[in-house]
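# Chain and residue survey
Here's the letter readout for the chains.
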Amino acid sequence: MTPTEPVVLRDRVHLIGIGGAGMSGIARILLARGAEVSGSDAKDSRIVLALRALGARVEVGHDPAHLPQAPATVVVSSAIRESNPELAAARERGLEVAHRAQALAALTTGRLLACVTGTAGKTSTTSMLTVALQHAGLDPSFAIGGDLASSGSGAHEGTGDVFVAEADESDASFLAFSPTVAVVTNVEADHLDHYGTPQAYVDAFGEFLGRITPGGTLVACADDPGAADLARLAESRGIRVRRYGHGPVDAELVDFRPDGAGARVVLRLAGTEHRLRLGVPGEHMALNALGALLAGIELGAPAEVLLAGLAAFDGVRRRFEFKGRADGVAVYDDYAHHPSKVAAQLRAARDVVGGSGRVVVAFQPHLYSRTREFAADFGRALALADEVVVLDVFGAREDPEPGVTGALVADAVPLPAEHVRFVPGWSDVPGVVAGIARPGDLVITMGAGDVTVLGPEVLLELERRP
């Protein structure tokens, strides 16, 4: 199956792994459009329960009996292996099988499409653009790889002409889309389990430029070397480019100042300075806001209204998400799973805590291949914290590799040994973290795996302290 070829979805659609962020978003939009939706997932979840309430038939476990009768389209993500019994049965029965990106691209047909992609910052920038456009009254359809804090959902079938989609580059499936506006936050080697080499990863973004519709626009972060190179390549091909970042660009970050769990920003747009108070921390989030601003302008929304929408943005679940406070310690959770993302969020954590406390991070490496390739980079990024706890690897779709454990990351952290701990026992982590944290500290659980559920456990341990 080539995940970039166009498909036409049937009126009956079955999604294998329907509880995932991307898959559940497709299901929501299909349900809103009146399709008959079914699916399966490994376990019940808040997302699965919500989809059932919307009218989807969702089964727990994977069994060929869950498949609908033909004609139907079966949708899978790259995380679903060919050995999955439902996928194998679907192929045997001759049912049409589509990749998640193909299905989402089909849903964007006939809409003014804005895609946000890049190694890091996709979800936050897509979310900011969505909220800003909503504030402008455009009611866009959207599909995001995370849930907006305001609505609790990552997908919506809007009444407007605009569709905003987070385009996943991890398996090159972003090549399924044909955007009029494409935002690229940064380009930095990742997902080498799929691409093999850093150059192949970069080349995929060059191919993505060819997917921008004639007369369309690339919005790129000039501060990132990879995105800057891509912008120059786009211009050489005659593509309109709008840049954001520091320096003389279309949307310039003039000043950034931390302000509690947010920031105060001065930006320059078309020669005019604007002041913006963001409700999310970190200079990288201010840059994401500038990218969203330029994209919104390209989609026809007024700058002043977009800025007001950005000021109202209150975050995305699992992106520096506040989980609670106990015994004077604030606990956050974040999805960061690439060295650049880890570094950016730890800098944001430092901004939030200021000089009043320390930053304590509990980091769970994601994927054996990524851990092997980037252990040293993760170590350097984690050294931005004061205290580091490293969990064992969350393998996700990969099988274990001999010698590849979280210890590779812990050993690479250039901090004194007493400030770095490798804790392979998952259930031991909350007690270890609570034992380290002091009043005034900020604790952040970090990673793309099940580390996200540890925040409440850490809070319980903190509450139990004498």
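Note that the coordinates shown come from a computational prediction; the quantities given were computed from them, not determined experimentally. Positions within a chain are numbered from 1, following the residues in the order the chain's sequence is written. Totals for whole chains, interfaces and linings use every residue, but because this is a predicted model, local features are given only for residues with pLDDT of at least 70 and side-chain atom pairs only at 80 or more, for both listing and counting. As a rule here, side-chain values come from all non-hydrogen atoms in the structure, and water together with hydrogens is ignored.

### Here's the deal with the overall build of the protein
To keep things clear, this is the line we draw: Numbering of helices and strands runs from the N terminus, with a helix taken as a DSSP run of H or I at least four residues long and a strand as a DSSP run of E at least two residues long. For the radius of gyration, the atoms used are the C-alpha atoms, and the globule rule reads 2.2 Å times the number of residues raised to 0.38. In this scheme, a residue with accessible area under 20% of its type's maximum is buried, one over 50% is exposed, and one in between is partly exposed, where area comes from a 1.4 Å probe on protein chains only. Note on definitions: a residue-residue contact is assigned when non-hydrogen atoms from the two residues lie within 4.5 Å. In these tables, accessible area is a Shrake-Rupley quantity obtained with a 1.4 Å probe, and a residue counts as shielded only by the protein chains included in the view. Under the counting rule used here, the positive set is Lys and Arg, the negative set is Asp and Glu, and His together with the chain ends is not counted. Taken as the charge centre is NZ of Lys, CZ of Arg, CG of Asp or CD of Glu, depending on the residue.
Secondary structure assignment for the protein yields 15 helices and 21 strands. Computed over its C-alpha atoms, the radius of gyration of the protein comes to 22 Å, within 12% of the 23 Å expected for a compact globule of 466 residues. When the backbone C-alpha atoms are referred to their principal axes, the protein occupies close to 60 × 55 × 40 Å. Among the 466 residues that make up the protein, the fraction classed as buried is 56%. Across the protein, contacts joining residues at least 24 apart in sequence account for 66% of those joining residues at least 6 apart. Working note: accessible area of the protein is about 17900 Å², and carbon and sulfur atoms make up 50% of it. Looking at the protein, you have 42 positive and 58 negative side-chain charges, and the mean spots of the two groups are 3 Å apart.

### Focus: the environment of L253
Secondary-structure assignment places L253 in strand 13 (residues 251-259). Residue class for L253 comes out buried when judged on its relative accessible area of 2%. For the pair L253 and A21, spaced 232 residues apart in the sequence, the C-alpha separation amounts to 31 Å. Other than its neighbours up to four places away in sequence, L253 contacts G245, H246, V265, V266, E283, A286, L287 and L290.

### Some details on unusual backbone geometry
In the segment running from A70 into P71, the intervening peptide bond is cis, with an omega of 0°. Tracing the backbone through its elements, the reader meets P71 in the loop between strand 3 (57-60) and strand 4 (73-76). The backbone phi angle of L367 is positive, close to 80°, even though this residue is not glycine. In this fold, L367 is placed in the loop between strand 18 (359-363) and helix 12 (368-382). By relative accessible area, which is 1% here, L367 ends up buried.

### Here we look at the sheet that holds strand 17 (residues 329-334)
Going by this rule: Paired strands, as defined in this entry, are two strands with at least two bridges between them according to DSSP. Axis definition: a line fitted to C-alpha atoms, limited for helices to the stretch in contact. Angles are taken between N-to-C directions and run from 0 to 180 degrees.
With mixed pairing, the 6 strands of this open sheet are ordered in space as 16-17-21-18-19-20. Each edge of the open sheet carries a strand with a single partner, namely strand 16 (321-326) and strand 20 (420-422). Geometrically, the sheet is characterised by an average inter-axis angle of 15° between neighbouring strands, direction not taken into account. Pairing analysis gives 5 bridges linking strand 18 to strand 21 (residues 442-446), with the strands arranged parallel. Within strand 21, the position partnered with V359 by the bridge is L442. Against the sheet, helix 11 (residues 339-353) engages strand 17, strand 18 and strand 21, with an angle of about 160° to strand 21.

### A closer look at the sheet that holds strand 9 (residues 162-166)
Strands in a sheet are paired, the pairing made by backbone hydrogen bonds, and the direction either parallel or antiparallel. The 10 strands are arranged 8-7-9-6-10-11-12-13-14-15 in an open sheet whose pairing can be described as mixed. Both outer strands of the open sheet, strand 8 (155-156) and strand 15 (272-278), are each paired with one neighbouring strand and no more. Note: strand 6 (residues 112-117) against strand 9, 5 bridges, orientation parallel. Note that in strand 9 the partner of A114 across the bridge is V164. In the packing of helix 9 (residues 283-298) onto the sheet, contacts are made with strand 10 (181-184), strand 11 (217-221), strand 12 (240-245), strand 13, strand 14 (262-269) and strand 15, and the angle to strand 12 comes to roughly 150°.

### Let's talk about the pattern of salt bridges
Put simply, the rule is: By definition here, a salt bridge exists when the distance from a side-chain nitrogen of Lys or Arg to a carboxyl oxygen of Asp or Glu is within 4 Å.
Applying the stated criterion across every chain, the model contains 31 salt bridges. Across the pair E36 and R12 runs a salt bridge, and its minimum N-O distance is 3.4 Å. Of this pair, E36 sits in strand 2 (residues 36-41) while R12 sits in strand 1 (residues 12-16), placing them 24 residues apart in sequence. Linking E235 and R243 is a salt bridge whose minimum nitrogen-to-oxygen distance equals 2.9 Å. Under the relative-accessibility criterion, E235 is labelled partly exposed at 41%. Where salt bridges share partners, they join R240, R242, D250 and E298 into one cluster.

### Some remarks on the side chain of D441
What counts, and what does not: Polar contacts, as used here, are pairs of N or O atoms within 3.5 Å; protein pairs need one atom able to donate a hydrogen and one able to accept it. Residues neighboring in sequence count only if both atoms are side-chain atoms.
For D441, the position within the fold is in the loop between helix 14 (429-436) and strand 21. A polar side-chain atom of D441 sits 2.7 Å from a polar atom in the side chain of R358. Here R438 takes part through its backbone nitrogen, which lies 2.8 Å from a polar atom of the side chain of D441. Setting aside chain neighbours within four positions, we find D441 in contact with G328, V329, A330, G357, R358, V360 and I436.

### Structural notes on the UniProt feature "domain: Mur ligase C-terminal" (unreviewed entry) in the protein
For clarity, the cut-off: UniProt positions are given in the numbering used here, feature names are shortened, and annotations may be inferred rather than shown by experiment.
Mapped onto this structure's residue numbering, the UniProt feature "domain: Mur ligase C-terminal" (unreviewed entry) falls at residues 318-449. With 33% helix and 22% strand, residues 318-449 has end C-alpha atoms that lie 11 Å from one another.

### A few points about the packing of helix 14 against helix 15 (residues 454-463)
Spelled out, the test is: For classification, angles of less than 35 degrees are called roughly parallel, those exceeding 145 degrees roughly antiparallel, those between 65 and 115 degrees roughly perpendicular, and all remaining angles oblique. The sense of a crossing depends on the near helix, which, turned anticlockwise from the far helix by less than a right angle, makes the crossing left-handed and, turned clockwise, makes it right-handed. Classification used: nonpolar for Ala, Val, Leu, Ile, Met, Phe, Trp, Tyr, Cys and Pro, charged for Asp, Glu, Lys and Arg, polar for all others including Gly.
Between helix 14 and helix 15, the least distance of the axes is 8 Å, while the angle of their chain directions is 55°. Viewed along their axes, helix 14 and helix 15 adopt a mutual orientation that is oblique. Note that helix 14 runs across helix 15; the crossing there is right-handed. Contacts between helix 14 and helix 15 involve V429, P430, G431, V433 and A434 on the former and, on the latter, L454, E457, V458, E461 and L462. Looking at the contact of helix 14 with helix 15, its residues break down into 7 nonpolar, 1 polar and 2 charged.

### Remarks on the pairing of strand 13
Pairing between strand 12 and strand 13: 2 bridges, direction parallel. Paired with G245 across the strands is E252, a residue of strand 13. Note that strand 13 and strand 14 share 8 bridges and pair antiparallel. The partner of D255 across the bridge, within strand 14, is V266. Where strand 13 folds back onto strand 14 in an antiparallel hairpin, the turn is made up of 2 residues, including G260, whose phi is positive at roughly 60°.

### Comments concerning the UniProt feature "domain: Mur ligase N-terminal catalytic" (unreviewed entry) in the protein
Here, the residues flagged by UniProt with the feature "domain: Mur ligase N-terminal catalytic" (unreviewed entry) are residues 13-108. For residues 13-108, the helix share is 40%, the strand share is 23%, and the end-to-end C-alpha distance is 16 Å.

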